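Here are the chains, one letter per residue:
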Amino acid sequence: MTFSRPERWENIPEAAHSIPGIWGNSLAFSGGTRACIGYRFSVVEMKALLYVLVRAFSFSLTMPPESVRTRTAIVTSPYIEGKMNEGPQMPLFVSAVSGEED
């Protein structure tokens, strides 16, 4: 019996799309009784990374909030009023936070 069959991922069964979770449709962590034991750890790790990054930077808009609109297609994306045809835009100024610790 061989377990090396990459072609099994070419046509993912419809049942796989109903597996709950962020990555349920890709079967990266699977679900149910045979789910990956590292799933929760990886989610906590990602939250910790995001916390550190967001805390290390300051974010501010470079223009009035009234001029930023959103468009929803597959995902919601921001654009500047009157410049929708130029693609997604976010007039955001990102700067490092000073070295002050809490």
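A few points on the structure. Model, not experiment: these values are computed from the prediction. (Residues numbered from 1 in each chain as written. Predicted model: local features only at pLDDT ≥ 70, side-chain atom pairs only at ≥ 80, totals over all residues. Heavy atoms only, no water.)

1. A closer look at the side chain of S77
For clarity, the threshold we go by: Under the DSSP-based scheme used, a helix requires at least four consecutive residues in state H or I and a strand at least two consecutive residues in state E, with every element numbered from the N terminus. Every residue pair with non-hydrogen atoms within 4.5 Å of one another is taken to be in contact.
If you trace the backbone, S77 turns up in strand β3 (residues 76-80). Here S77 is in contact with R69, T70, R71 and P88, once residues within four sequence places are set aside.

2. With respect to the pairing of β3
For clarity, the cut-off: DSSP calls a pair of strands paired once it identifies at least 2 bridges connecting them.
As paired strands, strand β2 (residues 68-72) and β3 are joined by five bridges and run antiparallel to one another. Following the sheet pairing, T70 is matched in β3 by P78. Count of turn residues in the β2/β3 antiparallel hairpin: three residues.

3. Describing the pattern of salt bridges
Note the following rule: One speaks of a salt bridge when a side-chain nitrogen belonging to Lys or Arg is within 4 Å of a carboxyl oxygen belonging to Asp or Glu. When a residue's accessible area, from a 1.4 Å probe over protein chains only, is under 20% of the maximum for its type it is buried; when over 50% it is exposed; and in between it is partly exposed.
Tallied over the entire structure, the rule returns one salt bridge. Across the pair E81 and R69 runs a salt bridge whose closest N-O atoms are separated by 3.2 Å. Placement of the pair is E81 in the loop between β3 and β4 (92-96) and R69 in strand β2, with a sequence separation of 12 residues. Under the relative-accessibility criterion, E81 is labelled partly exposed at 47%.

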